[in-house]
Amino acid sequence: MEQEQTRLKLLTLYDTEDELAKVCSALSVQTRRDIIKLIAEMPCSINEIAWKLNIPVSTASFHIKTLVDANILRYTSSNNKRGNEKLVSLNMVMFNLMLDRNSAIVSDNIQVINVPIGSYTSYKAEPTCGINTPDGVLVIEDTPAMFSSPQRFNAGHIWLKCGYLEYKVPLLNYSGSRTVGTNSVYDKHAIRSVCFKFELCSETAMYDHNCKSDITFSVNGLEACTFVCSGDFGEHRGRLNPEWHSSRDSQYGLLYNIDIRYDGTYLNEKRVSELAIEDLHLVDNDLLTFRIEVKPDAKHVGGFNLFGKSFGDYPQDIDIVVTYQNIGRK
């Protein structure tokens, strides 16, 4: 399945009238907004969308085509044991509407950093715990010391009952041409938000949809939020799981977006804490450090399964989206 590429779209009242009309028309119908909400949680087939929204397949297909024509959604495909499956996923995550044709703010510059789930720099793991690689060669179970194995960098699925995984990525000032076809400038003083996107569920023997877990997410040593993961999911196979992966074990997770903005931290677009982008002191740090953790004294010590691009339902590892305000070019 092809990963989403379009993150931010700039629309104006002057230069893109046709495109603006398509977007406004597409968003004017409640059913289409319901489809977008559904796809934001997980890419789905047209039949699944029709079933979940209790509408005819023909109606779902019509509305989806309208959203695709407006570049809000896109058609993708997933290769699994059931064959090639046509899915619908997000194409436009956000758009800016410019009212002034002479505005000096052209658009925000988006930097996407992909972090393999096995590239953690520090960890603490308590059984049940383990690591799966896509080829099935490395399956480490209930042996915390093996989390230090160099083979962890190939991980596609990691689980632990209690503990944490911590990652470090460079976040430097860039200048000059850094993206194809643009003169991008990455100035840490202009960072507007940092968003972390990953697929996760709780962890227990085999799976249990009622296994709750308190997940704490921290950035640069500061707790951004703690949220309750509702269960360890496994009633159907993950879309991307290798055939050798047992159907009795954890299969997929939910997609979480933790977005730290100027006015606080948002979990899947809901404000959950006051930790703001300026609190991270990104200008003074060349490394961005983040941690996914289940604390031993949490109310629900339910562990977590972290899925990479070759397991679960989403073809990604951990995506970090850094948004820079781009000022001064017309």
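Worth saying up front: this structure is predicted, and the values here are computed from it rather than measured.

The rules behind the values
Residues numbered from 1 in each chain as written. Predicted model: local features only at pLDDT ≥ 70, side-chain atom pairs only at ≥ 80, totals over all residues. Heavy atoms only, no water. Phe/Tyr/Trp six-rings, centres within 6.5 Å; stacked < 30°, edge-to-face > 60°. Helix = DSSP H or I, 4+ residues; strand = E, 2+ residues; numbered from the N terminus. Buried < 20%, exposed > 50% of the residue type's maximum accessible area, 1.4 Å probe, protein only. Pairing = 2+ DSSP bridges.

Caption draft 1: How the structure looks around the packing of aromatic side chains. The full count for this structure, using the stated rule, is 13 aromatic pairs. Judged by centre distance (5.7 Å) and plane angle (20°), the rings of Phe 198 and Phe 217 are stacked. Taken together, the residues span a long stretch of sequence, with Phe 198 in strand β9 (residues 191-201) and Phe 217 in strand β10 (residues 213-219) at a distance of 19 residues. The burial state of Phe 198 is the same as that of Phe 217; both residues are buried. Ring geometry for Trp 244 against Phe 311: centres 6.0 Å apart, planes inclined by 75°, an arrangement best described as edge-to-face. Here the residue Trp 244 occupies a position in the loop between β11 (222-229) and β12 (254-261), and Phe 311 occupies one in the loop between β16 (304-307) and β17 (318-327), the gap between them amounting to 67 residues. Residue Trp 244 is classed as partly exposed on the basis of its relative accessible area of 37%.

Caption draft 2: Broad picture of the pairing of strand β15 (residues 287-294). In terms of burial, β15 is largely enclosed, as six of its eight residues are buried. Bridge count for strand β8 (residues 157-170) against β15 is eight bridges, and the pairing is antiparallel. Across the sheet, Tyr 167 pairs through a bridge with Phe 290, a residue of β15. Where β10 lies against β15, four bridges are found, and the strand directions are antiparallel. Paired with Thr 216 across the strands is Glu 293, a residue of β15.

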